[in-house]
Amino acid sequence: MLLHERNYTRSELLTVMTARMLEDGKTIFVGVGLPMLAAALAQRLHAPSITIIFEGGVIAPEIKPGMLPLSTNEVRAARKAVMLPSIDDVFFYQQRGYIDYGILGAAQIDKYGNINTSVIGDYEKPRVRLPGSGGANDIASTCSRVIVSTFHEKRRFVERVDFITSPGYLSGGNTRREAGLIFGGPYKVVTDLAIMGFDEESKAMKVEAVYRGVRIEEVLDNMGFKPIIPDEVREVEPPTDEELKILRSIDPDRVMLR
Amino acid sequence: MLLHERNYTRSELLTVMTARMLEDGKTIFVGVGLPMLAAALAQRLHAPSITIIFEGGVIAPEIKPGMLPLSTNEVRAARKAVMLPSIDDVFFYQQRGYIDYGILGAAQIDKYGNINTSVIGDYEKPRVRLPGSGGANDIASTCSRVIVSTFHEKRRFVERVDFITSPGYLSGGNTRREAGLIFGGPYKVVTDLAIMGFDEESKAMKVEAVYRGVRIEEVLDNMGFKPIIPDEVREVEPPTDEELKILRSIDPDRVMLR
Amino acid sequence: MRWNVDVRAFRYWAERRDKSPTPKLMSLDEAVKKFLRNGAVVALGGCLYSRTPMAAVHEIIRQGFRELTIVRNLAGFETDLLLVSGCLKRLVTSWCSPGYAWGMSRILRHYVENALAEFEEWSHLGIGLRLKAAAMGVPFLPTFSMLGSSIMEKLGIAEMTCPYSGEKLALVPALYPDVAIIHASRADTYGNIQIDGYTHMDKDMAQAARHVIATVEEVVDSDEIRRSAERTVIPFFCVDAVVEQPFGAYPSECWGRYEADFSHIASYQKRVDEKGIEGAKSYVSENIMGVSSFMEFLSKVGIEQLLDRVRAFRNVVT
Amino acid sequence: MRWNVDVRAFRYWAERRDKSPTPKLMSLDEAVKKFLRNGAVVALGGCLYSRTPMAAVHEIIRQGFRELTIVRNLAGFETDLLLVSGCLKRLVTSWCSPGYAWGMSRILRHYVENALAEFEEWSHLGIGLRLKAAAMGVPFLPTFSMLGSSIMEKLGIAEMTCPYSGEKLALVPALYPDVAIIHASRADTYGNIQIDGYTHMDKDMAQAARHVIATVEEVVDSDEIRRSAERTVIPFFCVDAVVEQPFGAYPSECWGRYEADFSHIASYQKRVDEKGIEGAKSYVSENIMGVSSFMEFLSKVGIEQLLDRVRAFRNVVT
């Protein structure tokens with residue numbers, strides 16, 4: 001708990017802030033958990049015409065509140081979908097440019113937006129073997145805009161990730177493009193404290209906004225590297241009652257809002 | 001008419017001889033016209049378990065006598081098929097090695113089995129613009145065994161084709177393999193006079209058998225180049241009454257047996 | 001390099017598409033006017049006599065577009081009509097003929113042999129891979145097809161040695177049509193498109209193109225699409241225009257609905273046999289330029305003939 | 001070169017297959033015995049909790065195969081079981097976890113962190129392209145995925161500059177499994193296989209593999225397949241064994257039939273949470289080694305629970 005009087009959890013905060021990032025009318029490559037909740041929430045608020053796409057092979061499902069899927073390839077995820085393509089086809093839509101937003105989590109993220117969800121420690125003999133890329137690398141490589149949605153913790157925001165599962169701006173500057181990644185790149189990093197973007201030139205992470213009541217020191221104290229702090233940092237309104245009400249109605253059993 | 005007493009047409013002869021080439025249990029990439037008749041005939045004779053594959057996207061149809069398709073992608077060609085894949089998928093089955101035989105026609109064929117169905121004369125300003133490759137190039141490039149089925153005529157059997165639509169053994173010897181075509185190659189050339197194969201070493205066309213009553217001179221007189229004539233040339237029995245009866249029952253209106 | 005593939009530009013277009021599920025129902029007249037341009041690269045769906053978007057071909061001819069590059073895997077009757085109407089400058093195909101029963105196209109021969117139109121010949125899979133590469137969002141796909149052939153030599157296709165196998169492969173460049181026009185079984189107003197029976201290359205073609213016009217036998221409610229989502233072949237975000245046009249492929253077939261009408265093709269072919277180009281032109285004058293819409297053309301064909309083709313489809317299938 | 005791809009050898013195998021439409025119905029016991037070998041590369045169809053060929057996984061464990069390389073796009077519960085049973089040497093995947101509700105796999109962590117098993121990580125599309133290249137009969141496919149990442153670096157994937165666009169591309173090497181095992185909706189005895197709902201990567205997997213074992217919910221007459229040919233995803237000539245096994249994916253789902261049983265997974269997971277590897281092993285002893293067949297396992301699960309999952313599927317869909 002960061003603020004004593006607040007009436008929402010960290011998960012709820014993160015989900016609401018992620019949802020606000022989603023533009024109406026766009027296609028969104030969504031994983032289960034908070035990203036899915038964020039997309040479902042946005043659909044019920046400012047973005048009724050966004051299209052959810054699941055990598056298991058689902059286009060435009062209607063997620064039923066209280067009946068949330070635990071994976072991107074199961075009947076609950078595919079409910080009332082308009083199409084059930086193969087997994088490769090979903091990624092081809094993305095590589096072709098038909099998918100606007102992808103939402104990723106991160107076990108580690110560094111100042112150039114590179115993400116690690118593979119190994120902590122050495123690759124050959126890891127200290128922690130994480131689940132791995134799944135579609136995350138593909139999203140990071142070829143989706144138009146990547147939103148990273150993760151808790152703001154020092155162990156996550158590291159100077160340099162142990163392993164680049166999903167490429168951000170690599171070593172900054174033009175290095176992403178030079179590696180051949182001619183599309184996309186990280187767009188925003190949304191946490192439970194702040195919203196960050198990337199400097200146009202250096203591609204280093206930059207704090208763009210903090211949530212009302214969050215001090216910039218709090219943001220920095222919870223990061224393993226120093227992001228760019230511009231002269232003006234916007235302040236963001238906390239989740240509204242309406243946002244919270246709708247979010248909780250989507251996941252009444254708090255399957256994902258843990 | 002080559003033989004005065006024979007009771008069959010050139011088309012019938014060619015179709016029967018082509019049908020005899022087809023091994024039971026194999027998959028056959030078939031075009032419309034005589035190749036299709038040959039496959040349907042073989043199915044009713046020695047090869048009940050061959051599988052017809054049409055490039056329009058049809059696996060294992062049951063061709064109904066008297067209801068012959070005029071193309072490889074129409075409902076008559078797809079009757080009672082077990083699968084209707086995309087066109088690319090049919091070619092991928094072939095490139096992968098799942099299609100045993102392909103049957104091709106030829107406007108021109110040369111002594112290394114290269115086939116031209118594109119242009120007579122110059123490519124840029126052709127004397128005759130023929131229909132083109134269709135799937136013929138793909139069959140010649142990646143099918144396991146190619147049977148060329150064509151009338152034995154001097155204007156067809158030329159020293160060097162004007163244009164290699166469908167590669168045979170290119171310039172003979174190892175040149176096909178050197179060009180990167182590591183699979184397949186022409187297997188037999190079946191005409192209304194003879195059956196030819198290719199020399200193991202030089203890859204030049206070689207007469208293997210003539211039909212009963214056909215003199216070897218007749219074969220040579222109707223070719224624009226001299227094939228290899230081995231010491232022993234087999235003699236092949238003419239179409240049997242049963243073969244002719246069944247063939248005619250498949251195409252009772254003589255739509256293809258013109 | 002002749003086959004310059006600007007993936008960035010084509011990706012840019014896809015990124016900037018309006019991907020919201022908006023209603024896209026419009027008249028064929030409107031759709032063709034909105035998305036075609038003189039000089040455009042237009043891919044036609046289906047294959048030979050299957051699901052040819054004939055209604056759209058009529059409309060293109062009626063609106064008088066010029067200098068078109070037409071892309072089709074196997075081309076036929078429709079190409080004759082586009083040629084004699086002066087719409088077609090370059091044909092990108094693997095094969096062109098009025099079909100087995102009629103041998104070579106006299107029309108095609110005239111135009112190509114006299115250098116009045118260009119015939120760019122690929123193998124059948126070659127056309128498929130050009131569209132598939134674009135659909136996948138990559139600038140090329142590798143194949144063993146076309147190696148060693150004059151097709152490869154004349155086109156100037158690049159080859160490479162595979163780093164994993166040491167084998168030589170032909171690299172087929174992506175083709176991104178300006179407009180893909182396909183004829184399908186059904187769609188909802190947003191452009192979720194279902195095709196019954198063989199899909200030919202339509203899926204890749206739609207994913208590859210900058211704009212997609214779909215004529216369909218039937219526009220259905222979105223709920224019906226959602227109840228049969230596994231039949232959807234093209235998602236709404238690839239599609240720009242949905243046009244309801246029953247019998248929109250006539251005289252070619254539409255799987256599940258009607259068989260091709262070869263007697264109609266034969267009557268056209270008879271005109272060509274008798275009078276060559278003028279014969280083909282007379283067909284166009286009477287059946288396309290002389291009517292105001294495809295519906296009027298269908299009226300000329302007659303309901304009896306159309307229903308006969310419906311019956312014929314059922315007869316073959318059962 | 002680590003990713004040596006011998007297209008010729010794999011093509012040779014495909015060429016020599018018996019492609020006649022012979023009956024291929026056999027017991028699962030027989031099919032697994034016939035086509036698996038210690039050290040084989042085995043691809044498992046479906047995706048995570050969808051159409052996992054669980055009956056076949058049980059049988060592999062029961063028959064005690066060793067040193068297997070398991071290929072799966074998203075791996076989960078089944079991989080835990082194969083690991084603790086000593087079957088699995090190398091996992092080729094993009095992701096492995098018991099699923100969203102349970103976070104990381106303690107089992108996987110133990111085996112990989114102690115170098116008792118190898119985790120070969122590709123991107124999700126990377127796995128798809130490896131199978132698709134093999135299915136297409138080419139030694140590689142190009143993609144923009146994985147460029148610049150540690151995945152690419154650790155795997156040592158080759159890159160090239162496209163001759164048509166000047167862009168850099170990662171070249172994904174083909175993967176030809178020795179055996180692909182998929183669970184599908186229905187098939188005839190010849191192995192014409194239909195999958196309802198999403199097909200995941202099963203089509204390519206079957207086309208890529210040297211041998212294919214298909215467990216299906218239902219074996220139907222060939223006439224039924226021919227009446228719905230557009231639903232066939234894998235043709236008979238790719239398939240070696242057809243096994244009828246209703247609920248053969250349980251506790252994962254089979255589209256059109258039953259929903260996944262996450263309560264079953266949860267009870268397994270509880271054992272792991274409480275006793276780690278020993279917990280997982282106790283599950284295997286009781287449910288796999290302690291029974292003679294998958295049918296006996298299903299009996300233990302109970303008809304009530306299975307029918308509940310059938311009902312659950314219908315509840316979601318409607």
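Bear in mind that the values here come from a model prediction, so they are computed numbers and not experimental data.

Reading the values: the criteria
- Residues numbered from 1 in each chain as written.
- Chains lettered and ligands numbered in written order.
- Predicted model: local features only at pLDDT ≥ 70, side-chain atom pairs only at ≥ 80, totals over all residues.
- Heavy atoms only, no water.
- Helix = DSSP H or I, 4+ residues; strand = E, 2+ residues; numbered from the N terminus.
- Rg over C-alpha atoms; globule rule 2.2 N^0.38 Å.
- Buried < 20%, exposed > 50% of the residue type's maximum accessible area, 1.4 Å probe, protein only.
- Contact = heavy atoms within 4.5 Å.
- Areas by Shrake-Rupley, 256 points an atom, 1.4 Å probe, with all protein chains shown as cover.
- pLDDT = per-residue confidence, 0-100.
- Salt bridge = Lys/Arg side-chain N within 4 Å of Asp/Glu carboxyl O.
- Nonpolar A, V, L, I, M, F, W, Y, C, P; charged D, E, K, R; others polar.
- Polar contact = N/O pair within 3.5 Å; in protein donor to acceptor, adjacent residues only side chain to side chain.
- Buried area = accessible area lost by both parts, 1.4 Å probe.
- Pairing = 2+ DSSP bridges.
- Right-handed = clockwise from strand over helix to strand, strands pointing away.
- Axes fitted to C-alpha atoms, helices over the stretch in contact; angles between N-to-C directions.
- Phe/Tyr/Trp six-rings, centres within 6.5 Å; stacked < 30°, edge-to-face > 60°.
- Lys NZ or Arg CZ within 6 Å of the ring centre and 35° of its normal.
- 1 Å grid on protein atoms, 1.4 Å probe; cavity = no way out; pocket = protein on both sides within 12 Å on 5 of 7 lines; lining within 4 Å.
- Points joined across faces, edges and corners; volume = space filled by probe spheres on them.
- Disulfide = S-S within 2.5 Å.
- Parallel < 35°, antiparallel > 145°, perpendicular 65-115°, else oblique.

### Brief notes about the overall build of chain A
So, step 1. Helix and strand counts for chain A come out as seven helices and 13 strands.
So, step 2. Its C-alpha radius of gyration of 18 Å places chain A within 12% of the 18 Å reference for a compact globule of 258 residues.
So, step 3. If one aligns the C-alpha atoms of chain A with their principal axes, the spans along those axes are about 45 × 45 × 35 Å.
So, step 4. Classification of the 258 residues of chain A by burial places 68% in the buried group.
So, step 5. Here the contacts in chain A between residues at least 6 apart in sequence split such that 64% fall between residues at least 24 apart.
So, step 6. As presented, chain A carries roughly 8,600 Å² of accessible surface, and 48% of it is formed by carbon and sulfur atoms.

### Digging into the confidence of the model for chain C
So, step 1. Taken as a whole, chain C shows an average pLDDT of 97; of its residues, 100% reach a score of 70 or greater.
So, step 2. Here the prediction assigns the complex a pTM of 0.98, and the interface score ipTM is 0.97.

### So, the interface of chain A and chain D
So, step 1. Facing 55 residues of chain A, the contacting portion of chain D comprises 54 residues.
So, step 2. Inspection of the chain A/chain D interface yields two salt bridges.
So, step 3. Between A:R129 and D:E121 there is a salt bridge whose closest N-O contact spans 2.5 Å.
So, step 4. Examining the composition of the side of chain A that touches chain D, we find that five residues originate from one element, helix 3 (residues 87-96) of chain A, more than from any other.
So, step 5. Partitioned by chemical class, the residues of the side of chain A that touches chain D number 27 nonpolar, 17 polar and eleven charged.

### Considering the environment of D:S282
Residue and element names in this part refer to chain D.
So, step 1. Along the polypeptide, S282 turns up in helix 10 (residues 262-289).
So, step 2. Sequence separation between S282 and W102 is 180 residues; the distance between their C-alpha atoms is 19 Å.
So, step 3. Looking at S282, its side chain comes within polar contact range of the side chain of R271, at 2.9 Å.

### Some words on the interface of chain D and chain B
Many analyses report the size of an interface as the accessible area lost when the parts associate.
So, step 1. In this complex, chain D contributes 33 residues to the contact, which on the side of chain B involves 27 residues.
So, step 2. Here chain D and chain B share an interface that buries about 2,600 Å² over both sides, 58% of which is from carbon and sulfur atoms.
So, step 3. Of all residues in chain D, D:R11, D:R226 and D:F237 bury the most surface against chain B, accounting for 28% of the area lost on that side.
So, step 4. Here chain D and chain B share three salt bridges between them.
So, step 5. Residues B:D89 and D:K203 are paired through a salt bridge, measuring 2.9 Å at the closest nitrogen-oxygen approach.
So, step 6. Inspection of the region where chain D meets chain B yields 16 residue pairs in polar contact (both at pLDDT 80 or more).
So, step 7. Looking at the side of chain D that touches chain B, the elements with two or more residues in it are helix 1 (7-16), helix 6 (124-136), helix 8 (202-208), helix 9 (222-227) and strand 13 (232-234) of chain D.
So, step 8. Residues belonging to the side of chain D that touches chain B are distributed by class as follows: 20 nonpolar, five polar and eight charged.

### Regarding the pairing of strand 2 (residues 51-54) of chain A
All names here are of chain A.
So, step 1. On strand 2, burial covers both faces: T51 and I53 on one face and I52 and F54 on the other are all buried.
So, step 2. One ladder, built from three bridges, connects strand 1 (residues 27-29) with strand 2; its direction is parallel. The residue of strand 2 that forms the bridge with F29 is I53.
So, step 3. In this view, the connection linking strand 1 to its parallel neighbour strand 2 by way of helix 2 (residues 34-44) has right-handed handedness.
So, step 4. Pairing analysis gives two bridges linking strand 2 to strand 3 (residues 58-59), with the strands arranged antiparallel. Paired with I53 across the strands is I59, a residue of strand 3.
So, step 5. Linking strand 2 to strand 3, which pair antiparallel, is a turn of three residues; within it G57 sits at a positive phi near 120°.

### Some words on the sheet that holds strand 8 (residues 158-161) of chain C
Residues and elements named next belong to chain C.
So, step 1. Pairing is antiparallel across the open sheet formed by three strands, whose spatial order is 7-9-8. Edge positions in the sheet fall to strand 7 (140-143) and strand 8, since each of these pairs with one other strand and no more. Pairs of neighbouring strands in the sheet enclose a mean axial angle of 35°, with direction left out of account.
So, step 2. Taken together, the four bridges between strand 8 and strand 9 (residues 168-173) define a ladder with antiparallel strand orientation. Directly across from E159, in strand 9, lies its bridge partner A170.
So, step 3. Against the sheet, helix 6 (residues 124-136) contacts strand 7 and strand 9, and its axis sits at roughly 140° relative to strand 7.

### Re the packing of aromatic side chains
So, step 1. According to the stated counting rule, one finds 42 aromatic pairs over all chains in the structure shown.
So, step 2. Each residue in the set A:Y93, A:Y98, C:F236 and C:F237 is aromatic and connected to the rest through ring pairs, giving one cluster.
So, step 3. One Lys or Arg, A:R129, reaches over the ring of D:F119 and ends 3.5 Å from the middle of that ring.
So, step 4. Geometry around A:Y187 places A:K188 over its ring, the cationic atom sitting 5.0 Å from the centre.

### Points about the pattern of salt bridges
All names here are of chain C.
So, step 1. For the coordinates displayed, the defined rule picks out 87 salt bridges over all chains.
So, step 2. Here R62 and E59 are joined by a salt bridge, their closest N and O atoms 3.0 Å apart. Here R62 and its partner E59 are both found in helix 3 (residues 54-63), three residues apart, which amounts to about one turn of the helix. For the pair formed by R62 and E59, the shared burial category is buried.

### Observations concerning empty space enclosed by the protein
So, step 1. Per the counting criterion, the structure on display carries seven cavities of 30 Å³ or more.
So, step 2. In this structure, the largest cavity occupies an estimated 1,100 Å³ of space.
So, step 3. Together, 45 residues line the largest cavity, and A:D89, B:D89, C:T199, C:K203 and D:K203 are the ones closest to its centre.
So, step 4. At the level of elements, helix 3 of chain A, helix 3 (87-96) of chain B, helix 6, helix 8 (202-208) and strand 13 (232-234) of chain C together with helix 6, helix 8 and strand 13 of chain D are the ones that each hand at least two residues to the lining of the largest cavity.
So, step 5. Of the residues that constitute the lining of the largest cavity, the class distribution is 17 nonpolar, twelve polar and 16 charged.

### Some remarks on the sheet that holds strand 4 (residues 101-104) of chain B
All names here are of chain B.
So, step 1. Strand order in the open sheet formed by nine strands is 3-2-1-4-9-10-11-12-13, and the pairing between neighbours is mixed. Edge positions in the sheet fall to strand 3 (58-59) and strand 13 (234-236), since each has one partner strand and no second.
So, step 2. On the sheet, helix 1 (residues 10-21) packs against strand 4, strand 9 (145-149), strand 10 (186-190), strand 11 (194-198), strand 12 (205-211) and strand 13 and is oriented at approximately 150° with respect to strand 10.

### Quick look at the state of the cysteines
All names here are of chain D.
So, step 1. Inspection of every chain in the model, using the stated rule, returns zero disulfides over all chains.
So, step 2. Here C96 stays unpaired: no disulfide links it, and the sulfur of C47, its closest cysteine neighbor, is 12 Å away.
So, step 3. The buried category is assigned to C96, whose relative accessible area is 1%.

### Description of the packing of helix 3 of chain B against helix 6 of chain D
So, step 1. Two elements in contact, helix 3 of chain B and helix 6 of chain D, have axes whose closest approach is 7 Å; the angle formed by their N-to-C orientations is 80°. Judged on the interaxial angle alone, helix 6 of chain D and helix 3 of chain B are roughly perpendicular. Between helix 3 of chain B and helix 6 of chain D, the residues in contact are B:F92, B:Q95 and B:R96 and D:A134, D:A135 and D:M136, respectively.
So, step 2. Here the residues of the contact of helix 3 of chain B with helix 6 of chain D are counted per class, giving four nonpolar, one polar and one charged.

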